[in-house]
Each structure stands twice: as structure tokens, then as C-alpha cells.
Amino acid sequence: MSFSLSRIDFTADFQNVDFTVDDLYRHLTDGTWIVQNADGKKNPSGLSAHEVNKIVETFYVGSKKGNTRLFLRVYDKRREQIEQPSFRYEEALSVESWVRLEAVFKGIYAHQITDSLRNELDDDEPSLKAFIASKLLEKYRFVDAETEEYADLTKMLIRVVEDNEFSRLRLESPRDSELIQSIQYLMFNSGLFTAMYKCDALWGHNSGIELLLRMAAVYLRGRHPPDDAIRWVAIHRKEMEKRTLAELFDEIDANQEAMKKRDHHHASDSKW
């Protein structure tokens, strides 16, 4: 039996530490700290926060929207357990503070983590803890902007990983995006939607869909695919099968939204 997870949440808990969620957020917003990945590149994602009486109890690095691959939630776990008691309520009462980092990995990242869990880990608990810490550190490291030293919470996670090494998360290579680019071209640049509109205008509603169905019938009657298409599938099948067509369309939607924002930005600049 094989399986692949479409979403994975990894958490790290810091109990009785000398910082709060509000402290972390203020460090990031005033520029004292930055968030980097394991390669030392600054995380470009935006910050958003939930405040109560001007105290930040939860903040996010990145967007929670459906088409995002990952985001980080940092929140006051002690307060959550006290206000919404569960099986860890007694634990919450026994500590003075409890800050949780919760990283959400979706889509292709979740598929890669699934493979790593299946193929790279021992069954012991320390190995799993080190793996979780390594994934948090791979994408989210809190760094002093002036000294470039890691913040204490990042140092704690590094100590958990110690000498363990795990495969890195990666996005598809530029060539792997060829299928997405082809679909985008068909929809927005090939004239397909224009032809569908003309059919609807001439012969009534849903004639554009009939056009697609008739084209599909031609495809199903059979035509030998081009050699370069056969080669592309042979090269990329293993990686692309880890994703779904729905995930490809999520990425296409994200690409189009980014283009709209960029066009809007350029339009705003041109007014000055």
C-alpha cells in the first residue's frame, strides 16, 4: 500500500522560556530580527497578527490561502489550552509560559516529507524529533539582523537536530514547470477562450463547452503523441505524479494573481 499526505503540520513547543509571542513579533516588525531559510536567504513572506489588548497572541509568517505551499503560525499555546481546555489543560496550568511554532507544509512539500518519513527515518522518537526540527529550521530561522546570530529558539532547535542529516525540500526544476506553462498558454494566450466565446455568441450558451468536447473526441480517436512529449513524460513522471491536476491549477491561479498584483503595481507607478 502506498500513500501520500497533502498537508503536514510540524510543531515545536517552548515551555518556561524567557520570551513571549508578542516579543517575537515585535522583534520581527521593528527589524531587529529577520526570518531566514537554511540557505541564509531572507523569507519574503509577509507578517499578520492577532492582538488582544494590544498584545500579540498569534502571528503568521506567510499566507494561509489554499494555494500556498507553507506558512508558519506562532501562538500562545498555554492561553489556548486554558481558554479552550483539552487533554493538555493540566500541562498548561503547570507551566508559566508555552510558545508554539507550527509550520504547515502543503502540496509538493508535503509529498516530499511523506517520502522522507517513509524512507529516511528510524522508528525511534529522537530521530523523529530531529527530523521535525530540521524541517522547521530549513524554512524558518530567527536571526538577529545586526549580529547575524541565531535567536535562542533557533539555537534550541539546532541542538535537537545535532548531527542528523535529512534530505532537503525542493521545488520542481524550471523544466518541470513546462506542463503548467503549457496549460497557462492554452487558457490565456492560444485563443482557446476567445474561440469558446465566439461559439457561445454565435450558437448559444454552452456552445463553447461543446467545442471542448468535440476537440476531446478528436483527441480520444487517437493520434500518436510527439516524440518530445513522450520524452518529457519519461523524465518527469516520477516527480509529477506526486502532484495532482488540482494542485497544478492552484499554482496557475497563484501565478495569475501575482501577475495581476504586478500589473496593478506598475499601473500605479505610471500615474506618478
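On a predicted model such as this, the values are computed, not experimentally measured, just so you know. (Residues numbered from 1 in each chain as written. Predicted model: local features only at pLDDT ≥ 70, side-chain atom pairs only at ≥ 80, totals over all residues. Heavy atoms only, no water.)

Notes on the sheet that holds strand β4 (residues 55-61)
Phase 1: The strand order β1-β6-β5-β4-β3 describes an open sheet built from five strands, whose pairing is antiparallel. Each edge of the open sheet is held by one strand with a lone partner, namely β1 (7-15) and β3 (47-52). Each strand of the sheet is rotated relative to its neighbour by a mean of 15 degrees, with strand direction disregarded.
Phase 2: Alignment of β3 against β4, held across six bridges, turns out to be antiparallel. Following the sheet pairing, Leu47 is matched in β4 by Val61.
Phase 3: Sheet strands touched by helix α5 (residues 125-139): β1, β5 (70-76) and β6 (98-106). Its angle to β1, the strand with the most contacts, is close to 95 degrees. (Pairing = 2+ DSSP bridges. Helix = DSSP H or I, 4+ residues; strand = E, 2+ residues; numbered from the N terminus. Axes fitted to C-alpha atoms, helices over the stretch in contact; angles between N-to-C directions. Contact = heavy atoms within 4.5 Å.)

Section: the layout of surface pockets
Vacant regions in the atomic arrangement are exposed by a probe of water-molecule size rolled over the atoms.
Phase 1: The volume enclosed by the second largest pocket comes to roughly 420 Å³.
Phase 2: Around the second largest pocket, the lining residues are Leu179, Ser182, Ile183, Leu186, Met187, Ser190, Leu192, Phe193, Met215, Tyr219, Pro225 and Phe249.
Phase 3: At the level of elements, α7 (178-188), α8 (192-203) and α9 (207-220) are the ones that each hand at least two residues to the lining of the second largest pocket.
Phase 4: A per-element tally of the lining of the second largest pocket places α7 first, with five residues.
Phase 5: Along the lines of polarity and charge, the residues of the lining of the second largest pocket split into 10 nonpolar, two polar and no charged. (1 Å grid on protein atoms, 1.4 Å probe; cavity = no way out; pocket = protein on both sides within 12 Å on 5 of 7 lines; lining within 4 Å. Points joined across faces, edges and corners; volume = space filled by probe spheres on them. Nonpolar A, V, L, I, M, F, W, Y, C, P; charged D, E, K, R; others polar.)

Some points on the nonpolar core
Phase 1: Core analysis: the biggest nonpolar cluster contains 41 residues, and Phe14, Phe59, Phe142 and Leu153 have the highest contact counts within it.
Phase 2: Ranked by the residues each element gives to this core, the list is headed by α5, at six residues.
Phase 3: With sequence-adjacent residues up to four places away left out, Phe14 is seen in contact with Phe19, Ser97, Trp98, Val99, Leu101, Leu153, Met156 and Leu157.
Phase 4: By size, the runner-up hydrophobic cluster in this structure holds seven residues, among which are Ile180, Met240, Leu248 and Ile252. (Core = buried A, V, L, I, M, F, W, Y, C linked by side-chain atoms within 4.5 Å. Buried < 20%, exposed > 50% of the residue type's maximum accessible area, 1.4 Å probe, protein only.)

Observations regarding the side chain of Gln81
Phase 1: Along the chain, the position of Gln81 falls in helix α2 (residues 77-83).
Phase 2: A polar contact of 3.5 Å, which involves the side chain of Gln81, links it to the backbone nitrogen of Tyr89.
Phase 3: With residues up to four places along the chain from it excluded, the contact list for Gln81 reads Ser86, Arg88, Tyr89, Ala92 and Trp98. (Polar contact = N/O pair within 3.5 Å; in protein donor to acceptor, adjacent residues only side chain to side chain.)

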